[in-house]
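Commentary on secondary and tertiary structure
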Amino acid sequence: QLLESGGGSVQAWGSLRLSCAASGRTFRISAMGWFRQSPGQLRVFVAGITWSGGNTYYADSVKGRFTISRDNAKDTLYLQMNSLKPDDTAVYCCAAFRDSSFHQIPPESADFRSWGQGTQVTVSS
C-alpha cells in the first residue's frame, strides 16, 4: 500500500515536498516512480528511482526543478519540487515498479504493480 502526502496550494516559484509512505516488504527492492495527471490529460511519468537510489530519471518538463529520492530505512519515497509553475498543477501519484530497475525510460505505467491514491498540487500564478 502506498500513501502520498505533502500536496497543497502554492504560488508560482514556490516549493513543495511530496512523500509516499509504503507498507509491505517489497518497497526496498522496487524501483519507484512519481506520475501526475491534470484534468482532461493522460497520466504522465514525472520521475523514477531505482531500488537503491543509485539512478534517477526525470521528465524533461521537470528536470532541474524536481528531485526524487528515497529512504529505504523508512520505506518512504520523496519528490522535492522547486520553482513550481502553474503547468505543474496536477494530482501526483507514487507507484511501485515490478522490478528493481526500469526496463525503459520513461517506464510504462502498466509495468507498475501498485499505486497510491494521489495528492493534489495546485500552483497559482
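For the structure, see preceding data.
Figured I'd write up the structure that's included with this text. (Residues numbered from 1 in each chain as written. Predicted model: local features only at pLDDT ≥ 70, side-chain atom pairs only at ≥ 80, totals over all residues. Heavy atoms only, no water.)

**Points about the overall build of the protein**
Counting its regular elements, the protein contains zero helices and eleven strands. Mapped from its N terminus to its C terminus, the protein presents α and β elements in the order β-β-β-β-β-β-β-β-β-β-β. Relative to the 2.2 N^0.38 estimate, which gives 14 Å for 125 residues, the radius of gyration of the protein is 13 Å and therefore close to what a compact globule would have. A total of 125 residues make up the protein; the buried ones form 42% of that total. Excluding contacts between residues fewer than 6 apart, the proportion of contacts in the protein whose partners are at least 24 apart in sequence is 59%. On the protein, roughly 6,600 Å² of surface is accessible, and the fraction owed to carbon and sulfur atoms is 47%. Of the charged side chains in the protein, 12 are positive and 9 negative; the average position of the first set lies 5 Å away from that of the second. (Helix = DSSP H or I, 4+ residues; strand = E, 2+ residues; numbered from the N terminus. Rg over C-alpha atoms; globule rule 2.2 N^0.38 Å. Buried < 20%, exposed > 50% of the residue type's maximum accessible area, 1.4 Å probe, protein only. Contact = heavy atoms within 4.5 Å. Areas by Shrake-Rupley, 256 points an atom, 1.4 Å probe, with all protein chains shown as cover. Lys, Arg positive; Asp, Glu negative; His and termini not counted. Charge placed at Lys NZ, Arg CZ, Asp CG, Glu CD.)

**A closer look at the side chain of Thr119**
Note that Thr119 resides in strand S11 (residues 119-124). Classification of Thr119 as buried rests on a relative accessible area of 11%. A distance of 3.2 Å separates a polar side-chain atom of Thr119 from the backbone nitrogen of Gly7. In contact with Thr119, other than residues within four places in its own chain, are Glu4, Ser5, Gly6, Gly7, Leu18, Ala90, Val91 and Tyr92. (Polar contact = N/O pair within 3.5 Å; in protein donor to acceptor, adjacent residues only side chain to side chain.)

**Quick notes on the sheet that holds strand S3 (residues 16-22)**
Strand order in the open sheet formed by four strands is S1-S3-S8-S7, and the pairing between neighbours is antiparallel. Looking at strand neighbours, the two that pair on one side only are strand S1 (2-5) and strand S7 (66-71), the edges of this open sheet. When the angles between neighbouring strand axes are averaged without regard to direction, this sheet yields 15 degrees. The sheet contact formed by S1 and S3 spans four bridges and is antiparallel. Residue Leu3 lies in a different strand from S3, and its bridge partner there is Ala21. (Pairing = 2+ DSSP bridges. Axes fitted to C-alpha atoms, helices over the stretch in contact; angles between N-to-C directions.)

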